[in-house]
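What follows is each chain in one-letter form.
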Amino acid sequence: MSKLLVKPKAQSGMMQDVTPESAGWTYVGFALNRLKPGERAGGEAGDKELCLVLVNGKAKISVDGEDFGELGERMTPFEGQPYAVYVPKGSKWQAEAATDLDLAICSAPGGEGFKAKVIRPGAHPQMTRGKGTNTRYVTNIMPEDDGSAQSLLVVEVITPGGHTSSYPPHKHDQDNLPAESYLEETYYHRLNPPQGFAMQRVYTDDRSLDETMAVEDGDVTLVPKGYHPVAAIHGYDSYYLNVMAGPKRIWKFHNAKEHEWLFTGI
């Protein structure tokens, strides 16, 4: 199995726990808690900042004793936009599931001067990108221009069955602004229906890294560098939650030159 493919380690509770140490990089962390009604999760941000994303389900969430009440609407990640909560560096948080809940904990190095807040559906409008079988639907949760965080960039993408996304291939592995930014990235994958799979390739120009993976419901893929397109298989819609972070909170990517011709028709 590819070293870039992380399978769920449990059926409930802490199902994913990717850290910079386990991934072999510097900035991005990702965890996924699956809880039953009444069960709780929580912790301390420490020197990190967090984005808690309600992938599906409802929960009561508080940060440093501030009660944000019961949040959440959708029961699957394919039903509209998410609720999320930003947790700044040095804060404590707690979530209590009100329904079956999948709670993602996205993390990256934190900074000073940021405040906890709820990010509600509609805070950033869903965008349609691409044409034809490259059409996909993108919802920014924490985009680079929101001024809300030191490092974190968080986004969801829905890709209909038979379509591609993160395509034409692009990369962001050089700290070379304004041409390109360095960003590590995780993909948390879900499928509808859940028994499906999608394909993801992660590769560099020189092919020193070239991995193609069949990703299943609940898998995480790591993108330390290189291009990273996704293909959703006919009959199964793809959802993924991206977490990106690097030395600067800027998403500036470089397109694969041999595939740039596709932009004329996509």
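Look above for the structure.
Residues numbered from 1 in each chain as written. Predicted model: local features only at pLDDT ≥ 70, side-chain atom pairs only at ≥ 80, totals over all residues. Heavy atoms only, no water.

In this structure, what is going on with a negative patch on the surface? I would like to understand it.
Among the surface-exposed residues, Asp205, Asp206, Glu258 and Glu260 lie close enough to one another that they form a single negatively charged patch. Mapped onto the elements, glutamate 258 comes out in the segment after β25 (254-255). (Patch = residues over 30% accessible without salt bridge, like charges linked within 9 Å, V, L, I, M, F, W, Y side chains within 5 Å. Areas by Shrake-Rupley, 256 points an atom, 1.4 Å probe, with all protein chains shown as cover. Salt bridge = Lys/Arg side-chain N within 4 Å of Asp/Glu carboxyl O. Lys, Arg positive; Asp, Glu negative; His and termini not counted. Charge placed at Lys NZ, Arg CZ, Asp CG, Glu CD. Helix = DSSP H or I, 4+ residues; strand = E, 2+ residues; numbered from the N terminus.)

When you look at the packing of aromatic side chains in this model, what are you seeing that I'm missing?
Ring pairs (aromatic) are described by centroid distance and by the angle formed between their planes. In this structure the tally under the stated criterion is six aromatic pairs. A ring pair is formed by tyrosine 203 and tyrosine 227, whose centres lie 5.1 Å apart and whose planes are at 40°; its orientation type is tilted. With tyrosine 203 in strand β20 (residues 197-203) and tyrosine 227 in the loop between β22 (220-223) and β23 (230-232), this pair connects stretches of sequence that are 24 residues apart. Overall, tyrosine 227 belongs to the buried group, its relative accessible area being 0%. For the cation-ring pair, arginine 201 lies above tyrosine 203, with the distance from its terminal atom to the ring centre recorded as 3.9 Å. (Phe/Tyr/Trp six-rings, centres within 6.5 Å; stacked < 30°, edge-to-face > 60°. Buried < 20%, exposed > 50% of the residue type's maximum accessible area, 1.4 Å probe, protein only. Lys NZ or Arg CZ within 6 Å of the ring centre and 35° of its normal.)

Could you clarify how one ought to interpret the nonpolar core in this entry?
Generally speaking, a soluble globular protein has its nonpolar side chains buried in company with each other. One finds Phe30, Cys51, Val53, Cys106, Ile141, Val154 and Leu241 to be the most contacted residues of the largest nonpolar core, which totals 45 residues. Per-element tally for this core: the top contributor is strand β24 (residues 237-245), with five residues. Setting aside its immediate chain neighbours within four residues, cysteine 51 contacts Ala84, Val85, Ala104, Ile105, Cys106, Ile141, Met142, Leu152 and Val154. Counting residues in each nonpolar core, the second largest holds 22 residues, with Ala41, Ala45, Ala59 and Ile105 among its members. (Core = buried A, V, L, I, M, F, W, Y, C linked by side-chain atoms within 4.5 Å. Contact = heavy atoms within 4.5 Å.)

Any chance you could explain the sheet that holds strand β8 (residues 84-87) here in plain terms?
The strands making up a sheet are joined through hydrogen bonds of the backbone, oriented either antiparallel or parallel. The sheet built from six strands is open, its strands ordered β2-β3-β10-β5-β8-β11 with antiparallel pairing. For this open sheet the edge positions go to β2 (13-18) and β11 (117-119), each flanked by a neighbour on one side alone. Taken over all neighbouring pairs, the strand axes of this sheet differ in orientation by 20° on average, direction set aside. (Pairing = 2+ DSSP bridges. Axes fitted to C-alpha atoms, helices over the stretch in contact; angles between N-to-C directions.)

So what exactly am I meant to see when it comes to the pattern of salt bridges here?
A side chain of one charge can pair with a side chain of the opposite charge if their charged atoms are brought near each other. With the rule as written, the count across this model stands at 16 salt bridges. Notably, a salt bridge pairs lysine 248 with aspartate 175, separated by 3.6 Å at the nearest N-O pair. Within this pair, whereas lysine 248 is found in the loop between β24 and β25, its partner aspartate 175 is found in strand β17 (residues 173-176), the two being separated by 73 residues in sequence. Classification of lysine 248 by relative accessible area gives partly exposed; the value is 40%. Shared partners join several salt bridges into a network, and the residues in it are Arg34, Asp102, Arg190 and Asp217.

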